[in-house]
Each structure stands twice: as structure tokens, then as C-alpha cells.
Number of protein chains: 2
Amino acid sequence: MQQRSEETRSKIISSAIRLFSGRGFNAASVDDICAEAGISKGAFYHHFKSKQDLFLSLLDGWLKTIDNAIEAAKDKPAPEAFTQIAEAFPYIFKTAGEGLPMFLEFWLQASRDETVWQASVEPYRRYHKYFTALIKKGVDEGSFVAVNPELTARMIISTGMGLLLQSLMDPQGAKWEKVARDSVKMLVDGMLKK
Amino acid sequence: MQQRSEETRSKIISSAIRLFSGRGFNAASVDDICAEAGISKGAFYHHFKSKQDLFLSLLDGWLKTIDNAIEAAKDKPAPEAFTQIAEAFPYIFKTAGEGLPMFLEFWLQASRDETVWQASVEPYRRYHKYFTALIKKGVDEGSFVAVNPELTARMIISTGMGLLLQSLMDPQGAKWEKVARDSVKMLVDGMLKK
DNA sequence: AAAAACAAACCAACTGGTCGGTTTGTTTTT
DNA sequence: AAAAACAAACCGACCAGTTGGTTTGTTTTT
């Protein structure tokens, strides 16, 4: 009963991730998603009340994986916490399927669709606050020099986003994961007390 | 006769920028663009042979403004060159019209459309090479410490892209321009020999 | 300088097709 | 028998692009 239902649902979700990230929300039709998942339109509308509903559900699941990664690094000293979160990034930003990044699609829709924006803006601000607090904590612990934590947090987030964007255009397998790791290392090293 | 023609063409272009950046390439229809520009579809297809042709034409113009900004900073010492390019960014990344960024739309289409990718990848690699060379030049001039120029260039580009992405979601007027300026300053300071 | 010819610029109606979404009735699975 | 999935048909809206005819400004002829 729930077994089959759950399987169908997850087939829809992984097909949707693949198509949304590959073609974009608008260009991927419900028909396409159903065809990819090998299910009927009826089944689709049994699980999601609309295409947008599906999208918001994907967004929700994705935000949860970020929260989990942050939660898992909660009690570590600041430099280790950054490193650990950086390690989790390649997974977070690839979500599932072919490993194509949904992230940009989430962001884009958030900038254009009021409902998606509403669902994203609070978590987004929370992440920025978290990174800022983590830097301040590093300063308090005596391991970081007193930089501008607000701005530095912004830049760390920016770097992650920018690298993802670049990897989107110029995909070269695991190479970008190394670049991401090296970048975080460089940023953290820059903050470390010599 | 050319007067009127040129005026129509520029009306199409500015409407297209507004709509593409506001809704995305797919969601903005040719009908919408014509309505916004206050011209007919016939006029549209007189000036551009397709919607994609219009898009490529916008991309081309945009890449030229970047080249110009880089060209203008050519002979300055490295730290000044970075600062000058950073100053030009707010203009480059806003293109025209309502000031909404077309950049993301260019990037997105490049990752999804072979033709757009072809038109973008060479300039993109050129910019990365340029920044790398600029950092090396700074090292040679004795003003920068010997960092990893390749990676640092990537990070500078990433930071710019990431900040733009953030500004897209959380628009607050000129605030992001200040953040961008401060970020470049921070990155350049980090490279400067103490 | 007026008239005629011309081509570029433009318009508005239309084409063939696809879209997301929904409904209806049937079959399979639990 | 209830839940889940299916297949097919339907719809009003919208899409990019085409067509054929009209306006506009310029050039040539008289």
C-alpha cells in the first residue's frame, strides 16, 4: 500500500529534479516528468496538487539537508565547522539524480515567484546569520583574527554560489569539488591567527 | 527611415532585457516583448530572425561591455586595475532598463543551450585568464604576495557572481554595490604585501 | 518642384502545435 | 473493498513563427 505509493512519489521527485535542473522549471512539462518517471498523469496529480506544489516540496527537502549539515557541525570549533560544512557542500548542491544542480533553479524561482521567495528567504537569512555567528565564535575562541564577520560570511556564501555557477557552465567532474574545498581552505586560512 | 528603424530596434532590446531578466527567456514570449515595446510582431521579425537570435544579440552586446571594462584597466598596476574593474561591475551587471540583471539568464541559457554556450565559453575563459594574469602581474610588480593566482582568480569571479545572485533574491538598492566594493577590497587587501 | 516608383519598415490576423491542469472511468495492488 | 495507479480525452490559453498587405520615407524621373 504505502510501499508502492512511496516508490511512485520518489520516482516523480527524482525525475523532476533531473528535468527541472536540466531544462528549468518552465521548460519541463508535467508530461515530460511523467514520461521520465514512467508513470501516468493521474498518478502525478494523486501525489502533488500542482507543478508548483511539487517544486515547493523539492525546495523544502533541499533546505532540510542544509539545515542538517549545519546542525551536524554545531558544536565543533569554528575552523573545523567550516571545513566540515565545505565537505558536505558537494552533496548538498547536487541533490540527486544526474547530479545536476537544482540550486540555481530554486534561487531563480525565488527571485521571480513570490511564493517560492517566501519559502526561501527565511532559511537564506538564517544561513547568513549562522556563518556570521560562526566567524564571531572563531574570534572569541581566539583562532580567527578580528575581520568583518558580516562581510566575510557573505563572501563565503558568495564563493560557494559562484563556484557552483561556474561548474554549471564548465562541468569537469570532480574538479570543481576540489576548487570548492581549496577555496574554503584559503578563506579560513586567511582568517586564522598566524 | 533609419531613424525610425533604429528606434524600434532599441525599443525591442530594452523591452527584451526587462522581460528576460524579470521572467526568464522561456516565460517571456515574443508577444509580451512586442506588447511591452509597443510594436508589432512583424516589426520584431523584421529586426531579429528569431527569439534566440535576439537573445544572442543581447549576449553579444553584454560581453562587449565586459571587454571594454577590462580593456580600460589594461595598463594600470594590478591593485588599481582590480579596483577599477570592481567599480565598473554595477554597471556591467545591470545592463539597462529597470536595472534587473540579465547576467543570470545568460549564464543559465549557456548551461542549457549549445549555441549560447558556444558564444559564452571563450569569453568566459578569457576573463579567467585575464584575472590570473593580472594577479601574476601584481606579484611580479612586488605589490601582491605569491598566492595561487589561478585559484584566487576563480574566487574573485565567484565572489562577484555570488554577490549578484544574492542581490537577486534580496534586492536592497545600492547596498549590494557597496558589499561588492568592500569584497573586492578585502580580497585585494588579502593579497597585498604587508 | 511635382509625380511616380521603390524598398525598407511595419502591422494585424492567422497557423499549427504545445502547454498545464483536470476529469472520467477502469484496472491493479494491497 | 479501499487505495493507488492508469489511460484517455478534454480544455482554454498560449506559444513562435508566417503571411500578405499597408504605411513611410527616400530616390528617381518627368
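Per chain, residue numbering runs from 1 following the sequence as it is written. The order in which chains are written sets their letters, starting at A; the order in which ligands are written sets their numbers, starting at 1. In view of the model being predicted, local features appear only for residues whose pLDDT reaches at least 70, and side-chain atom pairs are presented and counted only at 80 or more, with totals across whole chains, interfaces and linings using the full set of residues. Only hydrogens and water are removed before side-chain values are computed, so all heavy atoms of the structure are retained for them.

**Description of the interface of chain A and chain B**
Only heavy atoms matter for contacts: two residues are in contact if any of them lie within 4.5 Å across the pair. Counting from both sides, the interface comprises 42 residues of chain A and, opposite them, 42 residues of chain B. Here the buried area means the combined drop in accessible surface, using a 1.4 Å probe, for two parts upon being joined, counting both sides. Approximately 3,600 Å² of surface area, both sides summed, lies buried where chain A meets chain B, with 66% of it carried by carbon and sulfur atoms. Ranking the residues of chain A by area buried against chain B places Arg112(A), Gln166(A) and Met169(A) at the top, with a combined share of 20%. Criterion for a salt bridge: a side-chain nitrogen of Lys or Arg within 4 Å of a carboxyl oxygen of Asp or Glu. The interface formed by chain A and chain B contains two salt bridges. The salt bridge partner of Arg112(A) is Glu105(B), with a shortest N-O separation of 2.8 Å. Whenever two N or O atoms come within 3.5 Å, that pair is a polar contact, provided that in protein one can donate a hydrogen and the other can accept it, and provided that, for residues adjacent in sequence, both atoms are side-chain atoms. The interface formed by chain A and chain B holds 19 residue pairs in polar contact (both at pLDDT 80 or more) in total. Note that Gly is not counted as nonpolar here; it falls among the polar residues with everything else outside the nonpolar set of Ala, Val, Leu, Ile, Met, Phe, Trp, Tyr, Cys and Pro and the charged set of Asp, Glu, Lys and Arg. Tallied by class, the residues present in the side of chain A that touches chain B amount to 22 nonpolar, twelve polar and eight charged.

**Considerations on helix α9 (residues 175–191) of chain A**
Residue pairs spaced three or four apart in an α-helix point in one direction, given the helix's 3.6 residues per turn. Residue and element names in this part refer to chain A. Put simply, DSSP marks the helices as runs of H or I at least four residues long and the strands as runs of E at least two long, and each gets a number from the N terminus on. Here a helix's expected span is defined as the number of its residues, less one, multiplied by 1.5 Å. The end-to-end C-alpha separation of α9 is 25 Å, in line with the 24 Å expected for 17 residues at 1.5 Å each. Within the span of α9, buried status applies to Trp-176, Val-179, Ser-183, Leu-187, Val-188 and Met-191. Along the long axis of α9, the arc covered by the buried residues comes to 165°, so they all point the same way. To sort residues, take the accessible area from a 1.4 Å probe on protein chains only and compare it with the maximum for the residue type: under 20% means buried, over 50% means exposed, and anything in between is partly exposed. An arc is given here, and it is the one of the directions from the helix axis to the C-beta atoms.

**As for the relation of the copies chain A and chain B**
Only residues with pLDDT of at least 70 in both copies count here: their C-alpha atoms drive the least-squares fit that superposes the copies. Of the transformation placing chain A onto chain B, the axial shift is 0.0 Å and the rotation is 180°, giving an RMSD of 0.1 Å. The transformation just described matches what one would write down for a two-fold rotation axis. In this assembly the copies share their binding face: 100% of the residues contributing to the interface of chain A also contribute to that of chain B.

**Digging into the domain arrangement of chain A**
Residues and elements named next belong to chain A. An automatic or database domain assignment supplies the start and end points of every domain. Under the domain assignment, chain A is made up of domain 1 (1–48) and domain 2 (51–191). Relative placement of domain 1 and domain 2: their C-alpha centres are 27 Å apart. Around 1,500 Å² of area is buried between domain 1 and domain 2 when both sides are counted, 75% of it from carbon and sulfur atoms. Looking at the side of domain 1 facing domain 2, the largest losses of area belong to Ile-17, Phe-20 and Phe-25, adding up to 43% of the total buried there.

**Some remarks on the packing of helix α4 (residues 51–72) of chain B against helix α5 (residues 78–92) of chain B**
Residues and elements named next belong to chain B. In this analysis, axes come from line fits to C-alpha atoms, helices being fitted only over the stretch in contact, and the angle between any two N-to-C directions falls in the range 0 to 180 degrees. Between α4 and α5, whose axes approach to 9 Å, the crossing angle comes to 160°. Taken together, α4 and α5 sit at an angle that is classed as roughly antiparallel. In this structure, α4 meets α5 at a crossing whose hand is right-handed. Residue-level inspection shows Trp-62, Thr-65, Ile-66, Ala-69 and Ala-72 of α4 in contact with α5, the latter providing Gln-84, Ile-85, Ala-88 and Ile-92. Looking at the contact of α4 with α5 residue by residue, the class counts come to seven nonpolar, two polar and no charged. Here the word oblique covers every angle except those under 35 degrees (roughly parallel), over 145 (roughly antiparallel) and from 65 to 115 (roughly perpendicular). Crossing handedness follows the turn of the near helix against the far one: under a right angle anticlockwise gives a left-handed crossing, and clockwise gives a right-handed one.

**What to know about the environment of Val179(B)**
Position of Val179(B) among the secondary structure elements: in helix α9 (residues 175–191). It is 39 Å that separates the C-alpha atoms of Val179(B) and His47(B), two residues lying 132 residues apart in sequence. Residue contacts for Val179(B): discarding those within four places in its chain leaves Leu151(A), Arg154(A) and Leu163(B).

**Description of the packing of aromatic side chains**
Side-chain rings of Phe, Tyr and Trp (the six-membered ring for Trp) are treated as a pair once their centres are within 6.5 Å; stacked means planes under 30 degrees apart, edge-to-face means over 60, and tilted covers the remaining angles. Throughout the structure, instances matching the rule amount to 26 aromatic pairs over all chains. Arranged with centres 5.8 Å apart and planes meeting at 65°, the rings of Tyr130(A) and Phe131(A) form a pair that is edge-to-face. The burial state of Tyr130(A) is the same as that of Phe131(A); both residues are buried. Centre to centre, the rings of Phe103(B) and Trp107(B) are 5.8 Å apart; their planes meet at 45°, and the pair counts as tilted. Taken together, the positions of Phe103(B) and Trp107(B), both in helix α6 (residues 103–112) and four residues apart, correspond to about one turn of that helix. Overall, Phe103(B) belongs to the buried group, its relative accessible area being 3%. Of the residues examined, Trp107(B) reaches a relative accessible area of 8% and is grouped as buried. Here the aromatic cluster, defined as three or more aromatic residues joined through ring pairs, consists of Phe20(A), Phe25(A), Phe55(A), Trp62(A), Phe103(A), Phe106(A), Trp107(A) and Tyr124(A). Two thresholds decide whether a charge sits over a ring: the Lys NZ or Arg CZ must be within 6 Å of the ring centre and within 35 degrees of the ring normal. In this arrangement the basic side chain of Lys51(A) is found over the ring face of Phe25(A), its NZ or CZ atom lying 4.6 Å from the centre. Here the guanidinium or amino end of Lys175(B) rests over the ring plane of Trp176(B), the centre of that ring lying 5.4 Å away.

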